[in-house]
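Inside the fold
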Amino acid sequence: MDLPQTQGKTLPDAWDYKGRPAERAHTGGWTSSAMILGVEAVERLTTLGIAVNLVTYLTGTMHLDNATSANTVTNFLGTTFMLCLLGGFVADTFLGRYLTIAIFVTVQAMGVTILTISTIIPSLKPPKCNMETGSSCIQASGKQLTVLYLALYLIALGTGGLKSSVSGFGSDQFDDSDPKERTHMTNFFNWFFFLISIGSLGAVTILVYIQDNLGREWGYGICACAIVIGLLVFLSGTRRYRFKKLVGSPITQIATVFVAAWRKRNEELPADTSLLYNIDDAENVGKKKKQKLPHTDQFRFLDKAAIKGQDTRLENKWSLSTLTDVEEVKQVIRMLPIWATTIIFWTVYAQCVTFSVSQATTMDRHIGKSFQIPPAALTGFFVISTLVTVPVYDRLMVPVARKVLKNPHGLTPLQRIGIGLVFSIIAMAAAALIEIKRLRTARLHDLLDNQEAEIPMSVFWLVPTFFFVGSGEAFTYIGQLDFFLRECPKGMKTMSTGLFLSTISLGFFVSSLLVSIVHKLTGSHPWLADNLNRGRLYDFYWLLASLSALNFAVFLVCAKWYVYKEKRLLAEGIELEEADVGFHA
């Protein structure tokens with residue numbers, strides 16, 4: 001008789017910090033998620049505040065050349081996003097999201113602290129250049145660079161581990177089976193993206209200004225304090241958090257399918273696919289139930305992973321996979337061409353936090369007579385253009401797209417990505433033309449050899465580049481997120497974030513590779529010279545515009561070839577479950 005009174009008071013799939021069933025009234029909800037949102041906000045403030053202004057620190061304080069400085073920044077950011085895959089694997093397989101966040105935020109705090117200390121201790125920086133004597137600047141020593149790189153890559157490791165789990169742990173605080181809490185979960189993601197934007201805007205305005213005018217030690221010190229405070233706030237909510245059991249990493253599933261298929265590579269596939277091992281058989285041996293997927297003829301080699309042996313009970317997951325597991329892996333493979341063609345956008349994005357910032361240092365940055373904009377503050381136009389583009393799309397483009405394309409959601413994910421890629425082409429063409437104008441102005445005023453002089457050309461000429469890249473990001477970012485969330489199999493949802501973030505990571509790494517190749521091939525007449533006034537940065541931008549155009553052509557072919565999972569399953573008479581519906585902004 002007590003059942004009706006207690007029913008619904010605890011959650012069947014969540015536990016409190018002591019391992020007991022989580023009580024709905026005393027765990028989770030907005031109180032818990034607010035503490036998680038706080039740590040994400042300070043992470044954005046810290047990571048972006050360091051990254052967008054790092055190139056000026058490397059060239060101005062550590063006295064590295066432009067190409068090396070640009071590569072250091074892009075390698076740092078690329079490693080940060082790539083380590084999200086490691087963080088996700090550790091969280092799903094070993095530690096869980098709570099411990100992963102706590103540990104990796106601590107690592108990030110250590111990295112920022114070391115970076116702050118390196119700006120305070122004189123022996124960890126090269127001496128300042130003495131322009132009066134005309135002596136050349138002394139580049140940072142191996143010891144000084146070692147300390148700097150140790151700090152940066154500890155920050156990258158901490159950020160990667162945090163980003164992989166923070167949104168998932170925040171959504172864990174709401175019960176998806178409860179209509180009211182499901183609405184709150186939607187609002188949580190809205191606040192999540194809002195705080196990312198606020199943290200980013202604060203980083204590229206206030207924090208960058210402090211770094212340039214009060215000193216790096218103050219800017220980085222604020223970052224260190226913010227991270228520590230965020231960690232303490234996060235830990236203070238331990239008693240209120242809801243915890244979910246480990247589900248295992250999708251990377252493991254992909255690996256087991258390929259290993260099992262390779263082990264049975266010499267066996268013949270049966271003509272009747274119903275003879276292959278599937279979830280109906282798996283239920284009898286205690287394996288997790290999934291939504292059954294129809295068999296497809298693509299990538300038939302992987303079907304061998306589901307060939308039954310004489311006794312399936314004697315086989316483990318590395319020698320036998322269900323046909324549904326195989327189909328889920330096939331679905332990830334189908335997404336790879338789209339995944340690959342979005343990488344180049346983030347290569348273009350990387351130029352705006354490296355060479356565009358270097359350009360800004362040579363231009364007139366004054367507003368009025370006394371106030372001067374920090375070069376890295378121009379990246380604030382990323383956030384501004386994104387905040388403008390999203391409502392313009394929602395209020396103007398979506399109604400038109402609904403009428404013309406007959407799509408209730410407006411543009412499809414691939415159409416949004418395509419628009420973002422077009423914007424990246426326009427951005428690099430604009431950047432090339434603006435750089436040509438900058439060099440003409442420098443030549444007109446006989447400033448080509450004086451890299452310290454201010455060219456009488458407003459820094460706001462760079463705004464179109466930032467605007468087109470920022471608007472392109474609004475389309476590409478949300479389009480990618482929607483595509484990966486919608487198309488990833490239900491059993492591999494955590495893979496969607498990893499695939500999305502890996503395109504950003506590889507975009508930065510491709511940027512580093514391109515810079516290194518161009519710098520080496522143009523050694524006698526460098527495009528990316530230490531003195532930008534004597535370089536040909538505009539040719540590098542034209543190269544990126546050409547590569548982006550070629551990439552867009554390949555993307556169109558891949559997009560035409562791709563069939564959405566919803567359309568393919570409906571053709572087989574299978575309806576998508578609610579959890580398989582994508583994200584729509």
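For the structure itself, look to the data block above.
The structure contained in this document is the topic of the report that follows. (Residues numbered from 1 in each chain as written. Predicted model: local features only at pLDDT ≥ 70, side-chain atom pairs only at ≥ 80, totals over all residues. Heavy atoms only, no water.)

**Thoughts on the state of the cysteines**
As a reminder of what qualifies: To count as a disulfide, a pair of cysteine sulfur atoms needs to be within 2.5 Å. Three labels apply to residues, based on accessible area from a 1.4 Å probe with only protein chains included: buried if under 20% of the type maximum, exposed if over 50%, partly exposed otherwise in between.
Enumeration over the complete set of coordinates arrives at one disulfide. In this model Cys-129 forms its disulfide with Cys-137; the gap between the sulfur atoms is 1.8 Å. The S-S bond linking Cys-129 to Cys-137 shows a torsion near 130°; that makes this disulfide right-handed. What makes Cys-137 partly exposed here is its relative accessible area of 39%.

**Points about the packing of aromatic side chains**
Note the cut-off: Planes of paired rings set the category: under 30 degrees apart is stacked, over 60 is edge-to-face and the rest tilted, where pairs are Phe, Tyr or Trp rings (Trp by its six-membered ring) whose centres lie within 6.5 Å. Whether a charge sits over a ring depends on NZ of Lys or CZ of Arg being within 6 Å of the ring centre and within 35 degrees of the ring normal.
Applying the stated rule across the entire model yields 27 aromatic pairs. An aromatic cluster of at least three residues, connected via ring pairs, comprises Phe-81, Phe-345, Trp-346, Tyr-349 and Phe-508. Positioned over the ring face of Trp-262 is Arg-265, at 4.1 Å from the centre of the ring. A cation over an aromatic ring shows up here: Lys-437 above the ring of Trp-461, its NZ or CZ 4.8 Å from the ring centre.

**So, the layout of surface pockets**
Threshold: The pocket and cavity definitions rest on a 1 Å grid over protein atoms only: a 1.4 Å probe that fits but cannot leave marks a cavity, an open set with protein on both sides within 12 Å along at least five of seven lines marks a pocket, and residues lining either have an atom within 4 Å of a point. Grid points are joined across faces, edges and corners, and a volume is the space filled by probe spheres set on the points. Numbered from the N terminus, helices here are DSSP runs of H or I no shorter than four residues, and strands are runs of E no shorter than two. For this classification, the nonpolar set comprises Ala, Val, Leu, Ile, Met, Phe, Trp, Tyr, Cys and Pro, the charged set comprises Asp, Glu, Lys and Arg, and every other residue, Gly included, is treated as polar.
Each pocket or cavity is described by its volume, and for the second largest pocket that value is around 1400 Å³. Forming the walls of the second largest pocket are 39 residues, and the residues nearest its centre are Thr-56, Thr-59, Gly-60, Thr-61 and Glu-452. Of all the secondary-structure elements, those providing two or more residues to the lining of the second largest pocket are α3 (54-60), α4 (66-120), α6 (179-213), α7 (216-236) and α12 (355-361). With five residues, α3 is the single largest residue contributor to the lining of the second largest pocket. Classifying every residue of the lining of the second largest pocket by side-chain character gives 13 nonpolar, 17 polar and nine charged.

**Here we look at the packing of helix α10 (residues 323-341) against helix α17 (residues 537-561)**
Think of two packed helices as two axes; the pair is described by the angle between the axes and how far apart they sit. As a reminder, the rule being used: Orientation is described by axes fitted as lines to C-alpha atoms, over the contacting stretch for helices, and by angles from 0 to 180 degrees between their N-to-C directions. Note that the term roughly parallel is reserved for angles under 35 degrees, roughly antiparallel for angles over 145, roughly perpendicular for angles of 65 to 115, and oblique for everything else. By definition, turning the near helix anticlockwise from the far helix through less than a right angle yields a left-handed crossing, and turning it clockwise yields a right-handed one. In this analysis, two residues are considered to be in contact whenever any of their non-hydrogen atoms come within 4.5 Å of each other.
Relative to each other, α10 and α17 sit at 160°, their axes nearing to 9 Å. Accordingly, the angle class assigned to the pair α10 and α17 is roughly antiparallel. Between α10 and α17 the crossing geometry is left-handed. Here Arg-334, Pro-337, Ile-338, Ala-340 and Thr-341 of α10 come into contact with α17, specifically with Asn-551, Val-554, Phe-555, Cys-558, Ala-559 and Trp-561. Its residues placed into classes, the contact of α10 with α17 shows eight nonpolar, two polar and one charged.

**Focus: the pattern of salt bridges**
Note the cut-off: Just to be clear on terms, a salt bridge is a Lys or Arg side-chain nitrogen sitting within 4 Å of an Asp or Glu carboxyl oxygen.
For the structure shown, the criterion picks out 13 salt bridges. The residue Asp-16 makes a salt bridge to Arg-20 at a minimum N-O spacing of 2.9 Å. Its relative accessible area of 45% is what places Arg-20 among the partly exposed residues. For Glu-327, the salt bridge identified is with Arg-334, shortest N-O distance 4.0 Å. Exposure class is identical for Glu-327 and Arg-334. Each is buried. Each of Arg-300, Asp-303, Glu-327, Lys-330 and Arg-334 takes part in one network of salt bridges that share partners.

**Re the pairing of strand β1 (residues 10-15)**
Along any regular strand the residues' side chains alternate between the sheet's two faces. The cut-off we apply is this: For two strands to be treated as a pair, DSSP must find at least two bridges joining them.
The pairing of β1 with strand β2 (residues 21-23) spans two bridges and is antiparallel. When the sheet's bridge partners are listed, Trp-15 is paired in β2 with Pro-21. Hairpin connection from β1 to β2: five residues lie between these consecutive antiparallel strands, with Gly-19 at a positive phi of about 85°.

**Some remarks on helix α14 (residues 413-444)**
The test is simple: Multiplying 1.5 Å by the helix residue count minus one yields the expected span of that helix.
The end-to-end C-alpha distance of α14, which contains 32 residues, comes to 47 Å, matching closely the 46 Å that a straight helix rising 1.5 Å per residue would cover. Directly after α14, the chain includes Asp-446, whose backbone phi takes a positive value near 55°.

**Concerning the nonpolar core**
In plain terms, the rule: For this analysis, a nonpolar core means a set of buried residues of the types Ala, Val, Leu, Ile, Met, Phe, Trp, Tyr and Cys, connected via side-chain atoms within 4.5 Å.
Residues Phe-483 and Phe-540 are the most contacted members of the largest nonpolar core, which totals 105 residues. The element contributing the most residues to this core is α4, with ten residues. Filtering out sequence-adjacent residues up to four positions away, Phe-540 remains in contact with Gln-351, Phe-355, Leu-514, Val-515, Val-518, Trp-527 and Leu-528. Of all hydrophobic cores here, the second largest spans 24 residues; its members include Ala-102, Val-105, Phe-169 and Tyr-241.

**Examining the environment of Arg-24**
Take Arg-24: it is sitting in the loop between β2 and α2 (29-51). Assessed through its relative accessible area of 25%, Arg-24 is described here as partly exposed.

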